[in-house]
Amino acid sequence: MFHIVKLDRFSQLLQVPQKLTLFITLAFESTCSLPHSTLEKETPVERITRIINDHQFPDQPLQPTLSLHIPPSALSTPFVENVLGRLFAAHSNGLKAFEFFKFSLRHSRSYPSSDAFEKTLHILTRMRYFDKAWELIEEIQRTHPSLLTLKSMSIILSRIAKFQSYEETLEAFERMEKDIFVGRKFGTDEFNVLLRAFCTQRQMKEARSVFNKMHYRFSPNTKTMNILLLGFKESGDVTTVELFYHEMVRRGFMPNSVTYSIRIDAYCKKGCFSDGLRLLEEMEHKNCLPSVEIITTLIHGAGVARNTAKARQLFNELPMRNLQPDIGAYNSLMSSLIRSRDMKSAAGLMDEMEQKGIGHDNVTYHTMFLGLIRLEGIDGVSKLYHKMKERNFVPKTRTGVMLMKYFCENSRLDFGLDLWEYLVERGYCPHGHALALLVTALCSRGRVHEAFKCSKQMLERGRQMSDAVFRMLERSLLQAGDVDELSKLQQMARRLQNVLPPSGGHDTGIPSPLI
């Protein structure tokens, strides 16, 4: 396992006079604003995120680098939370995030926040570092028990439910009750967290089993039933949703706006828009006022049904319902317009969002790119891509992989390499799928050195390559006579194999052992 570098030997380095501390802080703020490579501006959060991601892992310990670049006075609560948030979005190696959080625990002058702890836990469990996740939880239980929340419980239980067995999930819940949340009497809220862990993974058989086994001990409430209803909805069976809804009513639970929202979404996603409208009328008849989220769901449902006029009507009616259109409502209307092949109006909506200060999120860009790929081709995609870069917006994994696939399949490796470099420069570690697409395209065109460079950058950041990509690059390097470069990759992969947990999926970016 990866050796956690102790901080004790660095503590003396941080015992500096007040004036020197101020000087270091000012230097930190100054250097954090300096440009790096092609970046025009780089915030302190962006700079530290990039330094952590670029750090040579596992060849060198991270703690000395953090001590060198981050004075204690800079470790404010928002700073720590934002760095961890970017590390999560950047698909960084979980052990690096763990080291950064431990560094902040030891050196920050602020009390640690639940948000920072939860983000670290999320990063670790997403990459299946369950031993380290439990190590972190146990440390927090000893030192900062107030950070333990239902959300942190939900994070680890959901990941265990996803990657491990039903029995192991129940054992984790019992461990939480007996050893972690000491002195806390578990009740309905904790029971709901356990149910949600199975429902979010669409494991409804297991969720039903837990409900039947434990509902006598924990009195279920309306939220409990809504969690189960949501699980059935995520499974995609409208009939089951309605059957369970009626069971819920028979048990004496009163449906609320969340209940209606789940049912409306279930119908809309199946193209049964008229049924969704019927439920809206039923809600209003019962004086259960719809939220902006429910109207947004209906706008999306109108788009699925290719009823753009109704989508616009629902959107325009939001102020009449004393609801303000948010970014989700705009995105849903944009999706509806694109489904009707009206890219001009969708682009106009994007401009309107900017004018009103609503801004754009990843759903906005993903929706627009999807429409441009289908309807306008590379010219339209390239214009929005350049605009996205000008705004320093970094797409999330799904959008980044979609763009990489489009660029590579359309022989635009210039754009593919540019996207790769853009993500790396912004401190992100591109997903394994993006690497697979780019390396495959490069090797098929004889551009082996560029494929090697991108793969090396991935390994340097503590992320493994898939076996298929490694073998393909291995053949290409041997054919090109680049034995030294192949040897470098093999050594880096072996070192990573010794510290990364066993895994079996691209969703974590860590495949089975390579060599």
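Values in this document were obtained by computation on a predicted structure and should not be read as measured data. (Residues numbered from 1 in each chain as written. Predicted model: local features only at pLDDT ≥ 70, side-chain atom pairs only at ≥ 80, totals over all residues. Heavy atoms only, no water.)

Draft legend 1. Main features of the overall build of the protein chain. If you tally the helices and strands in the protein chain, you get 28 helices and zero strands. For the protein chain, buried positions account for 54% of its 515 residues. For the protein chain, contacts bridging at least 24 residues in sequence account for 70% of all contacts bridging at least 6. Carbon and sulfur atoms make up 51% of the accessible area of the protein chain, which amounts to about 23,300 Å² in all. (Helix = DSSP H or I, 4+ residues; strand = E, 2+ residues; numbered from the N terminus. Buried < 20%, exposed > 50% of the residue type's maximum accessible area, 1.4 Å probe, protein only. Contact = heavy atoms within 4.5 Å. Areas by Shrake-Rupley, 256 points an atom, 1.4 Å probe, with all protein chains shown as cover.)

Draft legend 2. Layout of the packing of helix α13 (residues 222–234) against helix α14 (residues 238–250). Orientation of α13 relative to α14, taken along the N-to-C sense of each, is 165°, at an axis distance of 9 Å. Considered as vectors, α13 and α14 are oriented roughly antiparallel to each other. Of the two elements, α13 crosses α14, and the hand of that crossing is right-handed. For the pair α13 and α14, the contacting residues are Thr222, Met225, Asn226, Leu228, Leu229, Phe232 and Lys233 in the first and Thr240, Val241, Phe244, Tyr245 and Met248 in the second. Across the contact of α13 with α14, the residue classes tally to eight nonpolar, three polar and one charged. (Axes fitted to C-alpha atoms, helices over the stretch in contact; angles between N-to-C directions. Parallel < 35°, antiparallel > 145°, perpendicular 65-115°, else oblique. Left-handed = near helix turned anticlockwise from the far one by under 90°. Nonpolar A, V, L, I, M, F, W, Y, C, P; charged D, E, K, R; others polar.)

Draft legend 3. Quick look at the pattern of salt bridges. Taken as a whole and judged by the stated rule, the model has 29 salt bridges. Residue Lys119 is joined to Asp115 by a salt bridge in which the shortest nitrogen-to-oxygen separation is 3.0 Å. Taken together, the residues Lys119 and Asp115, both in helix α7 (residues 114–126) and four residues apart, mark about one turn of the helix. Exposure remark for Asp115: the relative accessible area of 24% places this residue in the partly exposed category. In this structure, Arg251 engages Glu247 in a salt bridge whose closest nitrogen and oxygen atoms are separated by 3.2 Å. A network of salt bridges, in which partner residues are shared, links Arg202, Lys233, Glu234, Asp265 and Lys269. (Salt bridge = Lys/Arg side-chain N within 4 Å of Asp/Glu carboxyl O.)

Draft legend 4. Region of interest: the packing of aromatic side chains. A complete count under the given rule lists 15 aromatic pairs for this structure. Ring centres of Phe191 and Phe218 lie 5.4 Å apart, and the angle between their planes is 20°; this geometry places the pair in the stacked category. You can see Phe191 sitting in helix α11 (residues 188–199) and its partner Phe218 sitting in the loop between α12 (204–214) and α13, a full 27 residues away along the chain. Among the aromatic residues, those joined into a ring-pair cluster are Phe173, Phe181, Phe186, Phe191, Phe211 and Phe218. Here the basic side chain of Arg175 rests over the ring of Trp134, its NZ or CZ set 3.9 Å away from the ring centre. When the ring centre of Tyr245 is taken as origin, the NZ or CZ atom of Arg263, which lies over that ring, is 3.7 Å away. (Phe/Tyr/Trp six-rings, centres within 6.5 Å; stacked < 30°, edge-to-face > 60°. Lys NZ or Arg CZ within 6 Å of the ring centre and 35° of its normal.)

Draft legend 5. View of helix α23 (residues 397–409). Under the 1.5 Å per step criterion, the end-to-end length of α23 is 18 Å for 13 residues, consistent within 8% with the ideal 18 Å. Residues of α23 that are buried: Thr399, Gly400, Val401, Met402, Leu403, Met404, Tyr406, Phe407 and Cys408. Here the buried face of α23 lies against α21 (362–375), α22 (378–390), α24 (413–425) and α25 (432–444). Count one or two residues on from α23 and you reach Ser411, which has phi positive near 55°. (Expected span 1.5 Å × (residues − 1).)

Draft legend 6. Examining unusual backbone geometry more closely. Notably, Asn322 is not glycine yet its phi reads approximately 60°, a positive angle. Of note, Asn322 is situated in the loop between α18 (308–316) and α19 (327–339). For Arg341, which is not glycine, the phi torsion reads 65° and is therefore positive. Structurally, the position occupied by Arg341 is in the loop between α19 and α20 (343–355). Since its relative accessible area comes to 63%, Arg341 is described here as exposed.

Draft legend 7. Structural context of α21. With 14 residues, α21 extends 20 Å from end C-alpha to end C-alpha; this agrees with the ideal 20 Å at 1.5 Å per step. Of all the residues in α21, the buried ones are Asn362, Thr364, Tyr365, His366, Thr367, Met368, Phe369, Gly371 and Leu372. Against the buried residues of α21 lie α19, α20, α22 and α23. The residue sitting at the N-terminus of α21 and contributing the capping side-chain oxygen is Asp361; that oxygen lies 3.2 Å from the backbone nitrogen of Val363. (Polar contact = N/O pair within 3.5 Å; in protein donor to acceptor, adjacent residues only side chain to side chain.)

Draft legend 8. Here's a closer look at the packing of α11 against α13. Where α11 contacts α13, the two axes come as close as 9 Å, and the packing angle between them is 0°. The orientation of α11 relative to α13 falls into the category roughly parallel. Here Thr188, Phe191, Asn192, Leu195, Arg196 and Cys199 of α11 come into contact with α13, specifically with Lys223, Thr224, Ile227, Leu228, Leu230 and Gly231. Here the contact of α11 with α13 is built from residues that sort into six nonpolar, four polar and two charged.

Draft legend 9. Summary view of a negative patch on the surface. Together, Glu167, Glu168, Glu171 and Glu174 make up a region of like negative charge exposed at the surface. Mapped onto the elements of the fold, Glu174 is located in helix α10 (residues 166–180). (Patch = residues over 30% accessible without salt bridge, like charges linked within 9 Å, V, L, I, M, F, W, Y side chains within 5 Å. Lys, Arg positive; Asp, Glu negative; His and termini not counted. Charge placed at Lys NZ, Arg CZ, Asp CG, Glu CD.)

Draft legend 10. Spotlight on the side chain of Arg50. Note that Arg50 resides in helix α3 (residues 44–54). For Arg50, a relative accessible area of 9% translates into the label buried. At a separation of 2.7 Å, a polar atom in the side chain of Arg50 contacts the side chain of Glu42.

Draft legend 11. Structural view of the environment of Val448. Tracing the backbone through its elements, the reader meets Val448 in helix α26 (residues 448–460). According to the relative accessible area criterion, Val448 is buried, its value standing at 8%. For the pair formed by Val448 and Glu474, sequence separation is 26 residues and the distance between their alpha carbons is 9.8 Å. The residues contacting Val448, other than those within four sequence positions of it, are Leu473, Ser476 and Leu477.

Draft legend 12. Molecular detail of the confidence of the model for the protein chain. When the pLDDT values of the protein chain are averaged, the result is 87; 89% of them are 70 or greater. Segment residues 1–39 is flagged for pLDDT under 50; beyond a separation of four residues in sequence, or across chains, it makes 56 contacts in the model. With pLDDT under 50 throughout, residues 503–515 is counted as low confidence; its partners more than four residues away or in other chains account for 48 contacts. (pLDDT = per-residue confidence, 0-100.)

Draft legend 13. Geometry of the side chain of Asn192. Within the secondary structure, Asn192 is located in helix α11. With relative accessibility at 3%, the residue Asn192 sits in the buried group. The contacts of Asn192, once residues within four sequence positions are left out, are Asn221, Lys223, Thr224 and Ile227.

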